[in-house]
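Listed below are the residues making up each chain.
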Amino acid sequence: MTYQDTLNWMFSQLPMYQREGKTAFKKDLSNTLKLATHLNNPERKFKTIHVAGTNGKGSTSHMLASILQDSGYKVGLYTSPHLKDFRERIKINGKEVSRQFVIGFIKRNKPFLDANKLSFFEMTVGMAFDYFAKQKVDIAVIEVGLGGRLDSTNIITPEVSVITNIGLDHTQFLGNTLEAIAFEKGGIIKPNIPVVVGETQHETQSVFNQLAKKNHSRITFADKEVHQDYKSDLIGSYQSKNIKTVLQTVKELQEIGFKITKQNVKQALLNVVRNTGLLGRWQILNESPKVVCDTGHNTEGLTYVMQQLKNEKFESLHIVFGVVNDKDLSSIVHLLPENAVYYFCKPDIPRGLDANMLKQELSKYNIKGKAYSSVNEAYNMALKSANTNDFVFIGGSTFVVAEII
């Protein structure tokens, strides 16, 4: 099988959340544990940091990887979803896993994967752990896919567990209160392993404290502990919260013997994109007119993105906007500026919401614009319509951004 054949086969396996939505959610870890045993438990052969949270877990994971890399460690990084190529999910020191390894892993394990009906996400996690073990990484930063307690990544015993924050996203799987979601994400807290929570939230604090107590885990809330601020090349205003989470996590790592200097931290935070290849976080694509894309897509994520937009100076605002079909539009519509021209589009995945339906739905809230047949058509029309002093923003979904960058 070629690389493309291999990917096509993986994508066609049991539902993949990225494409299908709710039906892809697995209710336990038995398949992942079976695969880990089949692969001789690669997850036990290297150290890890486990990162969960509603928003900021991707940026936080990349910042931590950048800092550890800068400190001289060989660092694995597992994140999801990918934007352009599947191999973005699995990196060592910023370099993507080879196509050859992806093909070889599936070829070697296909009979087992078939027989046990493993999902796309389960086999990808197995692949990442196998790769990191074979490449003998010193440590790997592992980002949770969805939730925490039942996520395929939750078979590791990390050096530190990190939970960035809790918001109402993926409520159809994780519960529809902040407390219920905190319980699911708090499922990554392990016995006697320190846990860092990024943001203190009234509704979730006691949930985390109870889980930490039950597991005899030391818990710290980064926003209460960290008072210094570092600059980063990730320039969204929301990154300051992620940086605090990262700094507290670094402190925990230093306490267990990791050699990380202040200079490493400073240098690495300024070079996250260069060190790790992170894309789509308040990414500036053009200067005149200014064009920015951001993958923020839930209430909290979009709140920060729209605050950042308010700090920009421009004559007219053009927004290329698309969402997935399980998006609760009523939860984000109050964040969308009415004084913008909208270019509605459908991301090119099965669960993308039809552009005309999106236009119809948002017109009820006085959000006006035209529907286009593709993300690229919408983007090109926005560029054509914008003057040099205007601002073009692209977002609403990770998958809209993926088609542009």
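Preceding this section is the structure that the text describes.
Scope of this entry: the structure provided in the associated data block.

What counts, and at which threshold
- Residues numbered from 1 in each chain as written.
- Predicted model: local features only at pLDDT ≥ 70, side-chain atom pairs only at ≥ 80, totals over all residues.
- Heavy atoms only, no water.
- Pairing = 2+ DSSP bridges.
- Helix = DSSP H or I, 4+ residues; strand = E, 2+ residues; numbered from the N terminus.
- Axes fitted to C-alpha atoms, helices over the stretch in contact; angles between N-to-C directions.
- Contact = heavy atoms within 4.5 Å.
- Buried < 20%, exposed > 50% of the residue type's maximum accessible area, 1.4 Å probe, protein only.
- 1 Å grid on protein atoms, 1.4 Å probe; cavity = no way out; pocket = protein on both sides within 12 Å on 5 of 7 lines; lining within 4 Å.
- Points joined across faces, edges and corners; volume = space filled by probe spheres on them.
- Nonpolar A, V, L, I, M, F, W, Y, C, P; charged D, E, K, R; others polar.
- Salt bridge = Lys/Arg side-chain N within 4 Å of Asp/Glu carboxyl O.

A sheet is described by the order of its strands in space; here six strands give the open sequence E9-E10-E14-E11-E12-E13, paired in mixed fashion. Where the open sheet ends on each side, the last strands, each with one partner, are strand E9 (283–287) and strand E13 (369–371). This sheet shows a mean twist of 15 degrees between the axes of neighbouring strands, independent of strand direction. Relative to strand E12 (residues 340–344), strand E11 (residues 317–321) is paired through five bridges, and the arrangement is parallel. Following the sheet pairing, phenylalanine 321 is matched in E12 by phenylalanine 344. Docked against the sheet, helix H16 (residues 375–385) engages E9, strand E10 (290–293), E11, E12 and strand E14 (391–395), running at close to 175 degrees with respect to E11.

Here we take up the side chain of glutamine 13. Here glutamine 13 shows up in the loop between helix H1 (3–11) and helix H2 (17–20). On the basis of relative accessible area, glutamine 13 is assigned to the buried category, the value being 17%. Every residue in contact with glutamine 13, bar those within four places of it in the chain, is listed here: Asp114, Leu118 and Met123.

It is worth spelling out empty space enclosed by the protein at this point. Evaluation of the coordinates by the stated rule reveals one cavity of 30 Å³ or more. Of the voids in this model, the largest cavity is the one considered here, and its volume is about 30 Å³. Around the largest cavity sit Thr32, Leu35, Ala36, Leu39, Pro42, Glu43, Gly126, Phe129 and Ile155, which together line it. Sorting the residues of the lining of the largest cavity by element identifies helix H3 (30–38) and helix H6 (120–134) as the ones contributing at least two each. With three residues, H3 is the largest single contributor of residues to the lining of the largest cavity. Split into classes, the residues belonging to the lining of the largest cavity amount to six nonpolar, two polar and one charged.

All chains considered together, the criterion is met by 13 salt bridges. As a salt-bridge pair, arginine 351 and aspartate 326 come within 3.3 Å of each other at their nearest N and O atoms. With a gap of 25 residues between them, arginine 351 in the loop between E12 and helix H15 (355–363) and aspartate 326 in the loop between E11 and E12 connect regions that are remote in the sequence. Since its relative accessible area comes to 5%, arginine 351 is described here as buried. Put simply, glutamate 361 and lysine 364 hold a salt bridge, and the shortest N to O gap is 3.2 Å. Judged by relative accessible area, which is 28%, glutamate 361 ranks as partly exposed. Residue lysine 364 is classed as exposed on the basis of its relative accessible area, which comes to 61%.

Read these as layout, nothing more, since geometry by itself doesn't imply function.
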